[in-house]
Amino acid sequence: MRTAQDYEPQGRYAVAPELEAPSGLGWVTFASVMLGLAGIWNSIAGILAISSSRVYTGHSVLVFGNLNTWGWIVLLLGIIQLIASASLFAGSEFGRWFGIGAAGVNAIGQLLFVPAYPWWAIAMFTLDLLVIYALAVYAGSRMRAV
């Protein structure tokens, strides 16, 4: 009778324990990619709001400022997110905390941007929460092991 151990790879096909990916590496990769994509999306949305395109409603009442002001804010948030994504791909501990901060500030900014584009702002807020979760729980010392 054969057991499960009989079917494990032997020799050069066996996985070395020191080469196994740390737990949560997929979450950290997800957070890095999503921060980069959110940065690109926010940069585009900021440029659209600054240029007074017809994407946003003209009659929305924002918390403070006008659509042009919020365009600049969202554009700056996008640039910060792109920098955070690049630092996460570098694998630094600073990148982890900078990514959490960038996603947190963007989450607050998106909630304030809800009157201009509600569904998109809520989707971005949810994405920011997932990024914060991934970086808070799975990044850190586990990233240094890679």
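Remember, predicted model here, so these are calculated numbers, not experimental data.

Quick look at the overall build of the chain
- What the chain contains, in helices and strands, is five helices and zero strands.
- Put simply, the chain runs from its N terminus to its C terminus through helices and strands in the order α-α-α-α-α.
- Expressed as a percentage of its 146 residues, the buried residues of the chain come to 35%.
- Of all intrachain contacts in the chain linking residues separated by at least 6 positions in sequence, the fraction that spans at least 24 positions is 74%.
- Taken as a whole, the chain presents about 8,800 Å² of accessible surface, with 69% of it coming from carbon and sulfur.

Structural notes on the nonpolar core
- By size, the foremost hydrophobic cluster in this structure holds 17 residues, and its most contacted members are Ala31, Leu35, Leu127, Val131 and Leu135.
- Only helix H1 (25-50), helix H2 (67-90), helix H3 (93-112) and helix H4 (118-138) provide two or more residues apiece to this core.
- It is H4 that contributes the most residues to this core, six residues altogether.
- Setting aside anything within four residues of it in sequence, one finds Leu127 in contact with Phe30, Met34, Ala38 and Trp41.
- Counting seven residues, the second largest nonpolar core, distinct from the first, contains Ala49, Trp70, Phe113 and Ala116.

Regarding the side chain of Arg96
- Along the chain, the position of Arg96 falls in helix H3.
- Accessibility expressed as a relative area gives 12% for Arg96, which makes it buried.
- Within the structure, Arg96 has its side chain in polar contact with the backbone oxygen of Ala136 (distance 2.9 Å).

As for the confidence of the model for the chain
- On average, residues of the chain carry a pLDDT of 79, and 70% of them reach 70 or more.
- Element-level mean pLDDT values for the chain span from 54 in helix H5 (residues 141-144) up to 91 in H4.

Concerning H3
- Compared with the 28 Å implied by 1.5 Å per residue over 20 residues, the 29 Å span of H3 between its first and last C-alpha is a close match.
- Listed in full, the buried residues belonging to H3 are Gly95, Arg96, Gly99, Ile100, Ala102, Ala103, Asn106, Ala107, Gly109 and Gln110.
- The inward-facing, buried residues of H3 contact H1, H2 and H4.

Notes on the pattern of salt bridges
- Per the counting criterion, the structure on display carries one salt bridge.
- In this structure, Arg96 and Glu93 form a salt bridge, with 3.3 Å as the shortest nitrogen-oxygen distance. Placement of the pair is Arg96 and Glu93 together in helix H3, with a separation of three residues, close to one helical turn.

As for the environment of Ala139
- Tracing the backbone through its elements, the reader meets Ala139 in the loop between H4 and H5.
- According to the relative accessible area criterion, Ala139 is buried, its value standing at 7%.
- Sequence separation between Ala139 and Leu25 is 114 residues, and the spatial gap between their C-alpha atoms is 7.9 Å.
- Each residue touching Ala139, except ones within four places of it in the same chain, is listed here: Val28, Arg96 and Ala134.

Each value, and the rule that gives it
Residues numbered from 1 in each chain as written. Predicted model: local features only at pLDDT ≥ 70, side-chain atom pairs only at ≥ 80, totals over all residues. Heavy atoms only, no water. Helix = DSSP H or I, 4+ residues; strand = E, 2+ residues; numbered from the N terminus. Buried < 20%, exposed > 50% of the residue type's maximum accessible area, 1.4 Å probe, protein only. Contact = heavy atoms within 4.5 Å. Areas by Shrake-Rupley, 256 points an atom, 1.4 Å probe, with all protein chains shown as cover. Core = buried A, V, L, I, M, F, W, Y, C linked by side-chain atoms within 4.5 Å. Polar contact = N/O pair within 3.5 Å; in protein donor to acceptor, adjacent residues only side chain to side chain. pLDDT = per-residue confidence, 0-100. Expected span 1.5 Å × (residues − 1). Salt bridge = Lys/Arg side-chain N within 4 Å of Asp/Glu carboxyl O.

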